[in-house]
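Residues per chain are reported as follows:
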Amino acid sequence: MSKRIKSEYDLVIVGSGIAGLSFALKVAEAGYRVAIFTKKDKAESNTNYAQGGIAAVTSAGDDLEKHVVDTLEAGDGLCDSQIVREILKDGPERIKDLIQLGVSFSSLDDGRISLGKEGGHSKRRVLHVKDVTGKAIEEALLANIAKQDVTLFEHFFAIDLVTSRKARKLGVKVEGSGDRVLGLYLYDANKERVVTVAAPVVLLATGGAGQTYLYTTNPSIATGDGVAMASRAGLPAMNLEFIQFHPTTLHSQSGDRFLITEAVRGEGVKLIDSKSKPFLKKYHPLADLAPRDVVARAIDREMKRSGAPFVRLDTPRMKGNFPKRFPNVYENCLKRGVDAVIDPIPVVPAAHYSCGGIPTEIDCSTKLKGLFACGEVACTGLHGANRLASNSLLEAVVMAHRGAEAVCSFLEERKKEKVSLPEWVDGDVPASDERVVLSHNLDELKRTMWDYVGIVRSTKRLERARSRLRNLEREINEYYWNAKVDLSLLEVRNLVCVAELIVRSALKRKESRGLHYTLDYPHLAEEAENTLVPPLRR
């Protein structure tokens, strides 16, 4: 039997990754009506693809200050040190929460939790479930969600937030002054219709925007929906120029970019060039355990220098232990014709993680009353100019805990009122009539971002990208306002919005810092400043 959507909830969550599910559990436990809307299957999220693990201080040989220092160093001067300390301090307690929810982290033979080491970490502190950590956490959270009064709707795409400003503009009377969240419009992909849902609180937990690039480790759902929705609702975006390119994704002729976890290098595997020689020592003292931005740029430079289409991970050096430590990676490589026990794995960088997003406070709140953001879609100040490996899952659970407490307080204090939301008005042109145009728009967008807004940038490349994206934006928005909406149209609309914000953000930064490296400004500026780009209200 299909689930029936109520006209109003206390909290609507968009996204079903670790951030959204953790948030939902805590708010539902307080007795509030919670609905989760996810645009694909409930387990389809960036969380589900996270191989490496979750970083937290859980061993006697480690301490909070070491984790703080590693995070600040990776962030290259742009981390908020107070936020870093607050989030990392809460890590051990949130790990206990996950264990209580049923996450069984990998253990050593003596029963202690197995801790991995990844690039930028001075100590082994990455808890993992072999190399399927994200999947294990996702499954545990979904199992616990099923026990709570939380309704999870699959195949619903959030189109736009409904705010009091928008409602008044459309002639709907709304009590009070100022702007706040009233609800949102959602596209029901199964019934091919738009529904309107009222809620005083909306949490955006939509993940990242990897699909703005031609090659990415992200699943197809990572189309920057939350950042685009927030921008159209009047919020700025922060530090979007800092796109983390994962250094090691499997190279294949088909363009498949299966992620090879950084934990592989944490176990002593080295990157080797076309002559089978390790090369990272000449780029950074930490060599193969250098921060990701350094490793990605080094690989890019080695490939351009040699003309080779990839470098390789020397996995045979693990002497047969690779399948046991990394069974998921091993099986996926084997399916693609690479036996990692015998042959080194060919790898190339690919777009992986967005360190910027919607600016939030430590409780996930934004400048728009009633709108909260958590996970990769948000910019808290933890990651700065470059995310330290495996800090993202930790950020999601810590911020979800803090944010859920803030939402419960907000709901307890709010003045309840009956809200009438403006009706959705659709276009009259069938979306299928221009499908080929949308397909070409999407391909051009991805290639433009890959060619001009990649690992190494220049002002000329960025300006070319901006010019092309503006043309695409005009075409897509003209189509959007005339056509009946469908999933592909909505995703392309969001992708071009986020791509334009990324380019605008990159053009504002007149220096090379962290993940943003430009040939025109190769040095650090004297002062480290965050980049804010104004909203695209369309």
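Description of the structure in this document. (Residues numbered from 1 in each chain as written. Predicted model: local features only at pLDDT ≥ 70, side-chain atom pairs only at ≥ 80, totals over all residues. Heavy atoms only, no water.)

**Overview of the overall build of the protein**
Put simply, the rule reads: Note on conventions: DSSP H or I runs of at least 4 residues are helices, E runs of at least 2 residues are strands, and numbering of each starts at the N terminus. For this measure, only C-alpha atoms enter the radius of gyration; the expected value for a globule follows 2.2 Å times N^0.38, where N is the number of residues. For every residue, the accessible area obtained with a 1.4 Å probe (protein chains only) is divided by the maximum for its type, and the residue is called buried under 20%, exposed over 50%, and partly exposed between those limits. Note on definitions: a residue-residue contact is assigned when non-hydrogen atoms from the two residues lie within 4.5 Å. Neither His nor the chain ends is counted toward charge; the positive residues are Lys and Arg and the negative residues Asp and Glu. Charge coordinates come from a single atom per side chain, which is NZ of Lys, CZ of Arg, CG of Asp or CD of Glu.
For the protein, the count of helices and strands is 14 helices and 19 strands. Relative to its length of 538 residues, the protein is compact, with a C-alpha radius of gyration of 23 Å against a globular reference of 24 Å. Taking all 538 residues of the protein together, 61% fall into the buried category. Restricting the contact set of the protein to residue pairs at least 6 apart, pairs at least 24 apart contribute 75%. For the protein, the distance from the average site of its 77 positive side-chain charges to the average site of its 71 negative ones is 1 Å.

**Observations regarding the nonpolar core**
Here is the rule: Residues belong to a common nonpolar core when they are buried Ala, Val, Leu, Ile, Met, Phe, Trp, Tyr or Cys residues joined through side-chain atoms within 4.5 Å.
In this structure, L204, M449 and V453 are the most contacted members of the largest nonpolar core, which totals 81 residues. Take this core: its biggest share by element is 13 residues, from helix α14 (residues 487–508). What V453 contacts, discounting residues up to four positions off in sequence, is Y213, F245, T448, L462, A465, I502 and V503. By size, the runner-up hydrophobic cluster in this structure holds 55 residues, among which are L21, C364, C408 and L411.

**Details of the pattern of salt bridges**
The criterion, for reference: Whenever a carboxyl oxygen of Asp or Glu lies within 4 Å of a side-chain nitrogen of Lys or Arg, that contact is scored as a salt bridge.
The tally for this structure, following the rule as stated, stands at 32 salt bridges. One salt bridge connects R165 with D179, and the closest N-O pair in it is separated by 3.7 Å. Here R165, found in helix α5 (residues 164–169), pairs with D179, found in the loop between α5 and β8 (181–188); they are 14 residues apart in sequence, far enough to count as distant. By relative accessible area, which is 27% here, D179 ends up partly exposed. Within the structure, one salt-bridge network assembled from shared partners comprises E86, K89, D90 and R402.

**Observations concerning unusual backbone geometry**
Here N239, not a glycine, exhibits a phi torsion of approximately 60 degrees, which is positive. Mapped onto the elements of the fold, N239 is located in the loop between β11 (237–238) and β12 (243–250).

**Structural notes on the packing of aromatic side chains**
The test is simple: Stacked, tilted and edge-to-face are the three classes assigned to paired rings of Phe, Tyr and Trp, where Trp is represented by its six-membered ring and a pair needs centres within 6.5 Å; plane angles under 30 degrees give stacked, over 60 edge-to-face, the rest tilted.
As enumerated under the stated definition, the model contains 12 aromatic pairs in all. Where F37 meets F156, the ring centres are 5.5 Å apart and the plane angle is 65 degrees; that geometry is what we call edge-to-face. Residue F37 is located in strand β2 (residues 34–38), and its partner F156 is located in strand β7 (residues 156–163); the two are separated by 119 residues in the primary sequence. Using a relative accessible area of 1% as the deciding quantity, one classes F37 as buried. By the ring-pair criterion, three or more aromatic residues cluster together here, those being Y213, Y215, F245 and W450.

**As for the sheet that holds strand β3 (residues 54–55)**
Strand pairing in a sheet relies on backbone hydrogen bonds. The paired strands run either parallel or antiparallel. Condition: Should DSSP find at least two bridges between two strands, the strands are taken to pair.
Taken together, three strands build an open sheet; the order of strands is β3-β5-β4 and the sheet is antiparallel. One side of each edge strand has no neighbouring strand; the edge strands of this open sheet are β3 and β4 (115–116). Inspection of the sheet shows β3 paired to strand β5 (residues 126–127) by two bridges, in the antiparallel sense. Of the residues in β5, the one forming a bridge with A55 is V126.

Purely spatial values, then, with no claim about function.
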